[in-house]
Amino acid sequence: MPATPPIPTPEVLDERLADRDVLRTLAAEPLVGLAAGRALLMQLAHPDVARGVAEHSDFADRPLARLFGTLDFLLIVTFGTPDQVARIAAKVRGIHGTVRGEGYSGNDPDLQMWVNATLIDSALHVHETLMRPRGGELPEAYYRQARVVAEVLGCPLESQPADLAAFRAYMAETLAALEVTDTAREVAGAVLWPRRLRVLFPALAVFRLVTAALLPEPLRAQYGLPWTPARRRAAGLLLGAASAVHRVTPGPLRRPPQPLLVRLATHRVDRTLSARRDRRRGDRAPAG
């Protein structure tokens, strides 16, 4: 597991980021955000990801920090300039360099690929099941362009599945081998039932319902998420309504401005990194 991950040169990065039209098209759709919880729980189903989060984050006090941090990084890589992408990628690689434990590293290319794979798979799942596209060309182009998200963190393109068919095979093989651990269930519980955010109970109830509905069934069962006939019907009505609203709302009205997305994401990332530095300084400060 390399301490310093291989990263694309500025020239290669410029070339990669010149080809983001389909990545941006899908990422700008608010409907894709419904699968954020799905992607997170799929990530945590990998035992090394779950251990890294549990041992190197304050998930109990800030249960949604990883979720928003991952989404903010994805937004900046998708919509930011090459300079913005290079800066945020360097910051995240620096954080990952401190995430180490027995048998795992935050800079492990295999883990970088898995985390990005859950984001890709979740976006395509929403696209294919809720957006109901008429053509079939977007998924292949989206996958090809979305690989840059893992590449800027140190997972070279040649280490990732070469095309969509290979990616589908990788997902099926990986999911079949995963077993959700107690650590993963603990972190997932803090995210789905955060004690400090009870004021957001109605929104969190919807979040839990949508996450359970969109998760692959084997993972839903392993996490122990309730899935009764009543919840299945409620999820179907909710997701059906969201799909209908998406189809009748013109694109310019449902998609937020891209510069605004980048500004908000950059602000949140900088604030999170500043808080992280403050906590680390506090941990190193002598007692008394």
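The model shown is predicted, which means the values in this text are computed figures rather than measured ones.

Draft legend 1. Focus on the overall build of the chain. Of regular secondary structure, the chain possesses 16 helices and two strands. On C-alpha atoms alone, the chain measures out to a radius of gyration of 19 Å, which is about the 19 Å that the 2.2 N^0.38 rule sets for 288 residues. For the chain, buried positions account for 47% of its 288 residues. A separation of at least 24 residues holds for 80% of the contacts in the chain among residues at least 6 apart in sequence. About 14600 Å² of surface is accessible on the chain, with carbon and sulfur atoms providing 58% of the total. Charge centroids of the chain, computed over 37 positive and 30 negative side chains, lie 9 Å from each other.

Draft legend 2. Highlighting helix H11 (residues 182-192). If you check which residues of H11 are buried, you get Ala 184, Val 187, Ala 188, Ala 190, Val 191 and Leu 192. Where H11 is buried, its residues touch helix H3 (36-44), helix H4 (47-56), helix H12 (201-214) and helix H13 (217-223).

Draft legend 3. Up close: the packing of aromatic side chains. This model, assessed by the stated rule, comprises two aromatic pairs. Here the aromatic rings of Trp 114 and Tyr 170 are separated by 6.3 Å at their centres, their planes lie at 65 degrees, and the arrangement is edge-to-face. Taken as a pair, Trp 114 in helix H7 (residues 109-131) and Tyr 170 in helix H10 (residues 164-177) lie far apart in primary sequence, 56 residues in all.

Draft legend 4. The arrangement of the side chain of Glu 29 in detail. For Glu 29, the position within the fold is in the loop between helix H2 (21-27) and H3. The class of Glu 29 is buried, set by a relative accessible area of 6%. In contact with Glu 29, other than residues within four places in its own chain, are Met 131, His 246, Arg 254 and Arg 255.

Draft legend 5. Geometry of the pattern of salt bridges. Counting across every chain of the model gives ten salt bridges. Measuring nitrogen to oxygen at the nearest pair gives 2.7 Å for the salt bridge that ties Arg 168 to Glu 128. Here the residue Arg 168 occupies a position in helix H10, and Glu 128 occupies one in helix H7, the gap between them amounting to 40 residues. The exposure class of Arg 168 is partly exposed, given its relative accessible area of 32%.

Definitions and cut-offs
Residues numbered from 1 in each chain as written. Predicted model: local features only at pLDDT ≥ 70, side-chain atom pairs only at ≥ 80, totals over all residues. Heavy atoms only, no water. Helix = DSSP H or I, 4+ residues; strand = E, 2+ residues; numbered from the N terminus. Rg over C-alpha atoms; globule rule 2.2 N^0.38 Å. Buried < 20%, exposed > 50% of the residue type's maximum accessible area, 1.4 Å probe, protein only. Contact = heavy atoms within 4.5 Å. Areas by Shrake-Rupley, 256 points an atom, 1.4 Å probe, with all protein chains shown as cover. Lys, Arg positive; Asp, Glu negative; His and termini not counted. Charge placed at Lys NZ, Arg CZ, Asp CG, Glu CD. Phe/Tyr/Trp six-rings, centres within 6.5 Å; stacked < 30°, edge-to-face > 60°. Salt bridge = Lys/Arg side-chain N within 4 Å of Asp/Glu carboxyl O.

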